[in-house]
Every structure is written in C-alpha cells, then in structure tokens.
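Single-letter residue listing:
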Amino acid sequence: MSGYEASCPSCGATLVFSLGTSLLKICEHCGSAVARKGVNLESYGRVAELLPTPSVLKLGIEGGYAGAPRFTLVGRLQLDYGAGTWDEWLMSFSGDSWAWLSESQGKFHYMGVAALPPVPDFDELGVGRTVDLGPPGTFVVTEVRTARFMTAAGELPFDVQPGSLLHYADLSGPGGQFATLDYGTGSAAEALYVGREVTLDEMGIRAIADDEERRKKARAGSLSCPQCGGPLELRAPDQTQRVACPWCGSLLDATRDLAVLEALNKVPVKPLLPLGSKGDLQGTTWTLIGFMERSATVEGIRYPWHEYLLYEPRKGFRWLVEARGHWSFVEPAHTGDVDAGMDRALYRGQAFKHFQGSTASVDHVLGEFYWAVARGDASEAQDYTAPPHMLSMERSESEVSWSYGTYLEPGEVWKAFRLEGSPPEREGVGMNQPSPYTAASRAANRWALLGAALAFLVYLFFLFTGGRTVHKQSVTIPAGVAPGSPEATVFTERFFVQEPGNLQIRVEAPVSNSWLYLAGALVNEETGSVDDFDAELEYYFGSDSDGAWSEGSRDSVRYLPEVEPGRYVLRLEPQWEPGKTPPSYTVRVRSRVPRLWHVVLALLTLWAWPLVLAWKRMRFESQRWSESDHAWMESDS
Ligand SMILES: [Zn+2]
Ligand SMILES: [Zn+2]
C-alpha cells in the first residue's frame with residue numbers, strides 16, 4: 001500500500017496520507033482531525049494547538065540508520081499523564097512500514113511494531129508483574145498509566161478522537177529492551193511496540209539544535225519566584241517540571257509558567273552541597289540541580305537521608321545519596337536486567353543480598369526536578385547490597401524503577417565538589433560501605449592456608465626423612481640386685497649424634513602389674529655435659545564385674561631438646577617394684593624426631609592474625625546488618 005489522497009471533510013483541502021496504514025490525519029489547512037473509516041472520512045473537529053515541549057524534532061525531518069530504509073517523521077502525538085507532556089513521533093519508512101520515536105526527558109526510544117501475543121488486560125496489569133511477550137522475551141511492567149491524547153500533527157496509525165484517555169503500560173526486558181503495550185481507550189491490548197533507547201546520532205537525525213538553544217535560553221532567562229520574587233536560575237530548563245524555590249521553598253510548576261503549587265516562606269532544609277555546584281564524578285562534570293530530604297519510619301523511628309539530583313545534558317540524571325554520613329553515586333538500572341527475589345537480586349551477573357524494605361517518603365525538596373515531585377510522595381523501597389554496590393527498587397502504584405549505587409568515600413565527594421572543610425563524620429557502617437577487612441582478611445587467610453600447608457609438608461618431610469635411630473640396646477637386670485642400687489646402674493654403649501636436634505629416648509619393658517622407673521642421663525663424652533631425664537612405665541590389668549581392664553603402658557617416650565652433635569652414652573639407674581624385677585628393658589635413641597606440637601604451634605602463630613582479622617570483619621558486618629531487616633547475616637562479599 002502506498003499513500004492515499006482525499007479531501008478534508010471540513011475545509012475541502014487535499015489531505016495526503018503518506019502512510020497507507022495511517023488512520024488519522026490532522027488537516028494542515030483547518031486543523032481538523034480527520035479519520036479514515038473504510039472509504040469514508042470523518043472529521044473529529046479541530047485539535048488543540050501543539051503544546052510547548054522541549055522537543056528538538058519537527059515533522060518532515062528525515063533520518064536513516066544501518067539496515068533500514070530512510071524514514072521521515074510524518075506524525076506527532078502529544079500525550080499527558082497528568083504530570084507533564086511528551087511527544088511521540090511517527091517514523092514512516094518508504095511509505096508502508098512505520099515505528100515510533102518516543103521523546104521524553106531528553107531521551108529517545110525507538111519502538112517498532114511487534115506481533116501482539118496474548119497479554120493480560122489493562123486492569124490486571126500491575127507494576128512489577130512479568131509478562132511473556134513471545135519472541136522478544138519476558139518483560140517486567142515498569143509503568144501502568146492512563147494518558148490523555150492532548151493533540152497531534154501530521155498523521156497517526158490509529159483512529160482515536162483527540163482528548164481521549166489512552167491506557168498503556170511500559171515494560172523493561174532483557175538486553176536493554178523496552179516495550180509498550182498499547183490498550184487504546186479500552187482494556188484489551190491493541191498493539192505491542194518493542195525497542196530500545198537510541199540517540200539521535202545513531203538514528204541519523206540531525207536535531208534542530210539552533211531552535212533547541214533558543215528555547216533553552218528563553219526558558220532559562222530572567223525568571224523569578226512568583227511567591228517571593230527571588231531570582232530563579234533553571235539549570236535544566238528543558239527537562240524541569242518542578243522547581244522548589246531556593247529562597248522561600250515554595251513548589252512551582254515549571255510546565256505552567258511557574259504556577260505556585262505549594263507556598264512556603266522558609267527554606268525547610270539546607271543541603272550540604274549547594275545547589276548549582278559542579279562536581280567531577282566518574283569522568284563527568286555534573287551540575288547539582290535538586291535536593292530532597294526523604295525518610296522512612298520504622299517502628300516509630302524516623303530515618304532520614306538526602307538525595308542530590310545531578311544533571312549533565314548528554315548523560316541525563318544521576319543521584320548522590322547521603323545517609324548518616326555515607327555517600328553513594330546512584331545511576332538508573334534497566335529494570336529488565338534485574339532478577340529480584342525476597343532475599344537476593346541479580347543484576348548484570350552480580351548478586352546482591354536483601355538489606356531492607358521500607359516506605360520512603362519525600363519530606364522536603366529544593367531546586368529542580370524532572371518529574372512532578374511533591375512533598376509527601378511515598379513509594380515502596382527495597383534495598384539490596386553487595387559492597388561497594390547497592391541495588392534499590394522503588395515502586396509506586398503506577399511505576400517501578402531500579403537504581404544501581406556505588407559507595408563513595410566522603411572525602412571523594414568533598415574533593416569532587418571542591419568543598420571547604422571536611423565532610424560530616426560517618427555514623428555506623430553504611431549499607432554498601434566496603435569492609436576494610438574483607439580484602440585483608442582474605443589475603444591473610446590465603447597466606448595462612450599456604451603456610452599451614454607448608455608447615456604440614458615440612459612435618460611430613462621430617463617424619464619420613466628425620467628420626468634416625470642412633471642407638472638401640474637391650475639391658476638385662478641381673479637377678480638379685482636391689483632396685484636403685486649401684487649394681488643395677490649401667491652405662492650404655494657409646495653412640496654418635498651426627499646432626500644437632502632433639503633426641504627421642506624410648507624405653508620399653510615387659511612390666512606386668514608392676515612398674516619400672518628409670519633415672520637417666522645423657523652424657524656427652526667429649527664435653528662432659530650431662531642432661532638428666534627420667535622414664536616411668538607401669539602396666540596393670542585384671543578383670544572385675546565390668547569385665548577385663550588394663551591401664552598404663554609398657555613403654556615411655558622422653559625428648560631431650562637441642563642436643564649437639566657428639567659422642568654420647570646414657571647412664572641408666574633403674575628402680576622397680578620390689579619382688580617384681582623385670583628381666584630386661586630396651587632403650588632406643590632417635591635423633592631429630594619431628595614433633596606434632598611444633599606444627600600446632602606454627603599453625604597457631606600463622607592463624608593468629610587471620611583470626612583477629614576475621615573477628616574484626618565479623619564485627620564490621622554485624623554492625624552493617626544491625627541497620628537492616630536481617631538482624632545478623634554473614635556477608636561473604
Ligand atoms: Zn481541513
Ligand atoms: Zn521563592
């Protein structure tokens with residue numbers, strides 16, 4: 001199908017529907033909205049004048065991008081959802097196919113026609129609900145609204161009377177996709193559009209920049225507060241919907257010649273960072289244009305925090321959020337990229353733990369806002385954390401949005417905005433404040449583990465290579481000698497210790513319901529030095545009502561530390577239970593025997609610092625989580 005020509009039923013002028021699929025045309029001569037009803041035309045009467053919006057486009061502008069035929073903007077639709085007007089532009093590709101270019105808050109979305117799968121009725125949609133849109137994937141409903149069809153120019157692909165209320169839902173999907181379900185004036189979906197955010201550059205559109213500058217200047221120039229007369233400087237004039245006068249605090253409607261919405265005569269709060277100041281964060285110079293004090297009340301206690309609205313014409317809006325002296329840089333997050341549950345949320349492969357849920361309300365505002373902010377605005381908030389990041393959801397009845405924050409050291413904020421003095425002291429631990437102990441604790445654990453493994457290996461090495469037997473001798477106790485008598489005392493044969501180290505002396509004797517005590521000495525034949533030791537063996541057994549029993553042992557092990565190399569003998573002076581002379585005993589001497597307690601000592605030393613760090617880390621985390629909905633929760637991130 002190609003274009004279609006007819007005469008205007010109101011004025012008779014020639015009407016050209018350039019798109020074969022267009023159903024509504026605004027007559028350029030008389031301003032009537034003319035609808036195609038089969039082969040007939042019907043006039044809906046004159047439409048209102050176009051509303052002044054900050055649009056940088058106009059009808060007739062052409063564009064083109066890779067993979068598509070060139071297009072022309074042939075229609076302009078102006079909608080208002082009660083807090084501002086926005087433009088939808090109809091792109092016509094070579095006459096037959098078309099798409100929308102949606103322009104709102106300085107952002108553009110290319111929205112193409114997609115096959116409409118079965119979807120819930122308008123009344124059944126709620127923000128946050130997921131909807132399967134078929135091939136494009138599963139989307140999350142981010143906005144459910146009813147907007148008024150204010151006026152139009154050019155042609156439109158639907159037949160709706162200007163002034164009607166239109167139902168629609170915006171959705172956010174995987175991979176940065178956006179979708180709009182168009183319910184028209186009814187409750188059943190009529191069309192589905194799927195697309196993504198685009199720049200005019202990539203659409204091959206040259207904006208009417210001169211007009212843009214002119215309009216900005218016109219709106220920004222010499223304004224004053226109608227309430228107090230104070231001069232107002234709009235820093236984002238094309239985006240601003242609400243201004244809270246920095247002199248008197250009154251709330252003004254920037255879309256209706258600064259009409260006073262709420263009159264105040266005193267600025268209720270003083271921001272730490274002044275309105276209009278500029279700060280360098282994440283490689284961009286931002287202008288601080290708005291300030292809000294918000295709060296949540298939990299169990300009767302009010303927890304306030306502050307949000308600073310940052311603006312940069314090409315990048316849009318960001319936030320600096322301050323709570324109890326803790327700062328975060330906050331950016332919008334694509335709702336379709338968030339997979340949120342009760343306890344955790346996933347965003348771009350990063351896992352976050354649920355921190356707290358609350359009802360957040362707006363208590364005070366100052367400066368400029370790109371939406372129709374008002375004191376008392378309340379929304380449900382859910383915060384998730386993965387220090388130094390956080391993920392936050394805000395949900396009102398008609399809108400849900402997510403944001404992604406990154407912790408900033410207070411000093412960084414002061415430096416970025418070149419502020420005098422020092423930032424206020426931090427209170428407690430911030431929700432997404434990185435733990436100073438996490439990295440250190442992990443490193444210490446790694447080193448301690450490595451050290452432990454090494455100590456164990458060294459122990460194993462000595463266990464198998466050390467422990468050389470340097471002497472072994474069996475001593476017979478002559479019959480008839482008295483215990484402890486000089487006749488019982490013996491000197492062993494001489495033996496050599498080759499290397500310095502400990503000496504293990506093991507004594508074994510076949511004691512049976514008796515004992516053997518050995519007063520011993522290690523004698524260095526070269527130096528004459530003497531090391532005393534003793535060994536005690538006792539072994540008893542029998543049986544009683546509980547059955548057989550035994551206690552004690554038939555051997556005894558003693559260690560002599562730090563024995564020098566040299567020539568040695570042992571002097572052994574045995575005593576025994578009178579009348580129960582053991583026939584003999586065996587002495588075995590080993591050099592350099594590894595001791596398990598050395599390993600244990602090494603491990604204790606190795607783990608002392610990691611344990612201290614682990615304890616500090618745990619205290620830090622418990623302090624963090626004490627502010628959350630979860631009394632204490634271990635954080636391993
Ligand atoms: Zn006409
Ligand atoms: Zn004022």
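Since this is a predicted model, take the numbers as computed values, not measurements.

### Notes on a nonpolar patch on the surface
A cluster of nonpolar side chains, namely Leu454, Leu457, Val458, Phe461 and Phe462, defines an oily patch on the protein surface of about 490 Å² accessible area. Take Phe461: it is sitting in helix 3 (residues 438–465). Classification of Phe461 by relative accessible area gives exposed; the value is 52%.

### Observations concerning the environment of Trp98
With respect to the helices and strands, Trp98 occurs in strand 9 (residues 97–104). Taking C-alpha positions, Trp98 is 30 Å from Phe317, a pair spaced 219 residues apart along the chain. At a separation of 3.4 Å, a polar atom in the side chain of Trp98 contacts the side chain of Thr21.

### Some details on the coordination of the zinc ion (ligand 2)
Angles between donor atoms at a metal ideally measure 109.5 degrees for a four-coordinate tetrahedral arrangement and either 90 or 180 degrees for a six-coordinate octahedral one. On the protein side, the zinc ion (ligand 2) has Cys225 (SG), Cys228 (SG), Cys245 (SG) and Cys248 (SG) as donor atoms, found 2.2 to 2.3 Å from it. Relative to the metal, the 4 donor atoms surrounding the zinc ion (ligand 2) lie at angles of 107 to 111 degrees, and the coordination shape comes out tetrahedral. Along the chain, the residues donating to the zinc ion (ligand 2) fall in the pattern C-x2-C-x16-C-x2-C. On the basis of relative accessible area, Cys245 is assigned to the buried category, the value being 0%. Classification of Cys248 as buried rests on a relative accessible area of 5%.

### Looking at helix 3
An ideal rise of 1.5 Å per residue puts 40 Å on 28 residues; helix 3 measures up with 40 Å between its terminal C-alpha atoms. Turning to helix 3, its buried residues number three or more, namely Thr438, Ser441, Ala444, Ala448, Gly451, Ala452, Ala455 and Tyr459. The inward-facing, buried residues of helix 3 abut helix 4 (596–625). Positive phi appears at Gly467, one or two residues downstream of helix 3, with a value of about 70 degrees.

### A look at helix 4
The first and last C-alpha atoms of helix 4 sit 41 Å apart over 30 residues, in line with the 44 Å expected at 1.5 Å per residue. Looking at helix 4, one finds that the buried residues are Val599, Pro610, Leu613, Arg617, Phe620, Glu621, Arg624 and Trp625. Buried residues in helix 4 make contact with strand 28 (350–369), strand 29 (378–386) and helix 3.

### Points about unusual backbone geometry
In this chain, Pro387 is followed by Pro388 through a cis amide linkage whose omega measures 5 degrees. When you line up the elements, Pro388 lands in the loop between strand 29 and strand 30 (389–395). One non-glycine residue, Asp257, lies in positive phi territory at about 50 degrees. Looking at the secondary structure, you find Asp257 in the loop between strand 19 (251–253) and strand 20 (259–262). Here the phi dihedral of Glu562 falls at roughly 45 degrees; this positive angle occurs in a residue that is not glycine.

### Quick word on the layout of surface pockets
Taken as a whole, the second largest pocket holds about 410 Å³ of empty space. The wall of the second largest pocket is formed by 21 residues, among which Gly128, Ala340, Gly341, Met393 and Trp402 lie closest to the centre. Among the elements of the structure, strand 12 (138–156), strand 26 (338–340), strand 29, strand 30 and strand 31 (400–408) are those that each provide at least two residues to the lining of the second largest pocket. Within the lining of the second largest pocket, the residues separate by chemical class into 10 nonpolar, 8 polar and 3 charged.

### Notes on the coordination of the zinc ion (ligand 1)
Within the first shell, the zinc ion (ligand 1) binds the protein through Cys8 (SG), Cys11 (SG), Cys27 (SG) and Cys30 (SG), at distances of 2.2 to 2.4 Å. In this structure, the zinc ion (ligand 1) is surrounded by 4 donor atoms whose angles at the metal cover 105 to 115 degrees, and the resulting shape is tetrahedral. Between consecutive donors of the zinc ion (ligand 1), the numbers of intervening residues give the motif C-x2-C-x15-C-x2-C. Here Cys27 lies in the loop between strand 3 (24–26) and strand 4 (32–37) and Cys8 lies in the loop between strand 1 (4–7) and strand 2 (14–17), a separation of 19 residues in the sequence. The pair Cys8 / Cys27 is uniform in exposure class, with both members buried.

### Topic: the environment of Trp286
With respect to the element layout, Trp286 can be found in strand 22 (residues 284–298). It is 65 Å that separates the C-alpha atoms of Trp286 and Phe462, two residues lying 176 residues apart in sequence. A distance of 3.1 Å separates the side chain of Trp286 from the backbone oxygen of Leu281, its partner in a polar contact.

### Notes on the side chain of Glu103
Positionally, Glu103 belongs in strand 9. Buried within the structure, Glu103 lacks any salt-bridge partner; Arg76 is the closest side chain of opposite charge, at an N-O distance of 5.9 Å. Side-chain polar atoms of Glu103 contact the side chain of Trp89, separated by 2.9 Å. If near-sequence neighbours (up to four positions away) are discounted, Glu103 is found in contact with Pro54, Ser55, Val56, Leu57, Trp86, Asp87, Trp89 and Phe108.

### Topic: the packing of helix 3 against helix 4
With their axes 9 Å apart at the nearest point, helix 3 and helix 4 run at an angle of 175 degrees to one another. Our classification of the angle between helix 3 and helix 4 gives roughly antiparallel. Residues Thr438, Ala440, Ser441, Arg442, Ala444, Asn445, Ala448, Leu449, Gly451, Ala452, Ala455 and Tyr459 of helix 3 form the contact with helix 4, whose participating residues are Leu596, Val599, Ala602, Leu603, Leu606, Trp607, Trp609, Pro610, Leu613, Ala614 and Arg617. Its residues placed into classes, the contact of helix 3 with helix 4 shows 17 nonpolar, 4 polar and 2 charged.

### Quick word on empty space enclosed by the protein
A probe matching the size of a water molecule, rolled over the atoms, marks out where space remains unfilled. Evaluation of the coordinates by the stated rule reveals 1 cavity of 30 Å³ or more. Approximately 30 Å³ is the volume attributed to the largest cavity. Around the largest cavity, the lining residues are Gly249, Leu251, Glu262, Leu264, Pro268, His364, Val365 and Arg375. Split into classes, the residues belonging to the lining of the largest cavity amount to 4 nonpolar, 2 polar and 2 charged.

Calculation rules
- Residues numbered from 1 in each chain as written.
- Chains lettered and ligands numbered in written order.
- Predicted model: local features only at pLDDT ≥ 70, side-chain atom pairs only at ≥ 80, totals over all residues.
- Heavy atoms only, no water.
- Patch = residues over 30% accessible without salt bridge, like charges linked within 9 Å, V, L, I, M, F, W, Y side chains within 5 Å.
- Areas by Shrake-Rupley, 256 points an atom, 1.4 Å probe, with all protein chains shown as cover.
- Salt bridge = Lys/Arg side-chain N within 4 Å of Asp/Glu carboxyl O.
- Helix = DSSP H or I, 4+ residues; strand = E, 2+ residues; numbered from the N terminus.
- Buried < 20%, exposed > 50% of the residue type's maximum accessible area, 1.4 Å probe, protein only.
- Polar contact = N/O pair within 3.5 Å; in protein donor to acceptor, adjacent residues only side chain to side chain.
- Donors = N, O, S within 2.8 Å, 3.2 Å for Na, K, Ca; no water.
- Tetrahedral: all angles 85-135°; square planar, octahedral: opposite > 155°, others 65-115°.
- Expected span 1.5 Å × (residues − 1).
- Contact = heavy atoms within 4.5 Å.
- 1 Å grid on protein atoms, 1.4 Å probe; cavity = no way out; pocket = protein on both sides within 12 Å on 5 of 7 lines; lining within 4 Å.
- Points joined across faces, edges and corners; volume = space filled by probe spheres on them.
- Nonpolar A, V, L, I, M, F, W, Y, C, P; charged D, E, K, R; others polar.
- Lys, Arg positive; Asp, Glu negative; His and termini not counted.
- Axes fitted to C-alpha atoms, helices over the stretch in contact; angles between N-to-C directions.
- Parallel < 35°, antiparallel > 145°, perpendicular 65-115°, else oblique.

Geometry only, nothing functional implied.
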